[in-house]
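Fold and contact review
For reference, the chains in residue letters:
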Amino acid sequence: MAHLSESAVKQIVEIINRYQGEQTPLMMILSDIQREYGYIPLDVQELISEKTGIPVAEIYGVVTFYSFFSLTPKGKYVIGVCLGTACYVKGSQQVIDKFAEIIGINPGQTSEDGLFTLDALRCIGACGIAPALTINGKVYPKVSVADVQKIVDEYKSLGGAN
């Protein structure tokens, strides 16, 4: 845990202590830490294990199983392109490929400047407006390859990394 600052350790322990009386606190602890820091690295998982008695392997399994948890920091703008069946047949693969080309990263990666993370999503429940994508929770309907550059430029103009 040498990588964690003293204040980070204190805050994480406070989060863990919130759920002391719960029978199954892990998901709540991980959700709060993810919300606070944006990711859950191994040294944080080790601290959770030390304080709760839950094996690191179990914590790691949960973090890597659920797509809303991340082992690495996310960009300021998280672009999630739906690759569910309805979106896929309407061209979402070409849309995500265009984002990857313009930003210079593959799905699952974050740009070097910390501005963008590109994620491939399985289904966002927006089949009627396919192909769809989300950026930090904002849904973009019926996105075409021709729309991608404009979307990227819009977010670049909003400002740099956190």
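A brief look at the structure comes next. In this text the structure is predicted, and so the values were computed from the model without any measurement.

Summarising the element assignment, glycine 128 is placed in the loop between strand E3 (116–121) and strand E4 (133–135). C-alpha separation for the pair glycine 128 and lysine 76, spaced 52 residues apart in sequence, amounts to 28 Å.

With that settled, consider the pairing of strand E1 (residues 77–82). Within E1, five of the six residues are buried, leaving the element largely enclosed by the surrounding structure. Relative to E3, E1 is paired through six bridges, and the arrangement is parallel. The residue bridging valine 81 from the neighbouring strand is alanine 120, located in E3. As paired strands, E1 and E4 are joined by three bridges and run antiparallel to one another. Paired with glycine 80 across the two strands is threonine 134, which belongs to E4.

For residues besides glycine, phi is generally negative; the peptide bonds are generally trans as well. Between alanine 130 and proline 131 the backbone carries a cis peptide bond, its omega angle lying at -10 degrees. Note on placement: proline 131 falls in the loop between E3 and E4. Although it is not a glycine, lysine 142 sits at a positive phi angle of roughly 45 degrees. Within the element layout of this structure, lysine 142 appears in the loop between strand E5 (138–140) and helix H7 (145–158).

In this fold, serine 70 is placed in the loop between helix H4 (56–65) and E1. Under the relative-accessibility criterion, serine 70 is labelled buried at 6%. Only 2.6 Å separates the side chain of serine 70 from the backbone oxygen of threonine 72, close enough to count as a polar contact. The contacts of serine 70, once residues within four sequence positions are left out, are Gln34, Gly38, Tyr39, Ile40 and Val63.

Turning our eyes to something else, we now look at the pattern of salt bridges. Between side chains of opposite charge, a pair can form when the charged atoms approach closely. According to the stated counting rule, one finds five salt bridges in the structure shown. Here arginine 18 ties to aspartate 32 by a salt bridge, and the two come within 3.0 Å at their closest N and O atoms. Of the two residues, arginine 18 sits in helix H1 (residues 6–18) while aspartate 32 sits in helix H2 (residues 26–37), which places them 14 residues apart along the sequence. Taking relative accessible area as the criterion, arginine 18 reaches 53% and is therefore assigned exposed. Between lysine 98 and glutamate 101 there is a salt bridge; the shortest N-O distance is 3.3 Å. With lysine 98 and glutamate 101 both in helix H6 (residues 92–103), this residue pair falls three residues apart, about one helical turn.

Looking at H7, one finds that the buried residues are Val148, Ile151, Val152 and Tyr155. Looking down the long axis of H7, one finds its buried residues gathered within 100 degrees of arc, a one-sided arrangement. Exposed side chains of H7 directed beyond 90 degrees from the buried face belong to Ala146, Lys150 and Ser157. Looking one or two residues past H7, glycine 159 carries a phi angle of roughly 135 degrees, positive in sign.

Reading the values: the criteria
- Residues numbered from 1 in each chain as written.
- Predicted model: local features only at pLDDT ≥ 70, side-chain atom pairs only at ≥ 80, totals over all residues.
- Heavy atoms only, no water.
- Helix = DSSP H or I, 4+ residues; strand = E, 2+ residues; numbered from the N terminus.
- Buried < 20%, exposed > 50% of the residue type's maximum accessible area, 1.4 Å probe, protein only.
- Pairing = 2+ DSSP bridges.
- Polar contact = N/O pair within 3.5 Å; in protein donor to acceptor, adjacent residues only side chain to side chain.
- Contact = heavy atoms within 4.5 Å.
- Salt bridge = Lys/Arg side-chain N within 4 Å of Asp/Glu carboxyl O.
- Arc of directions from axis to C-beta.

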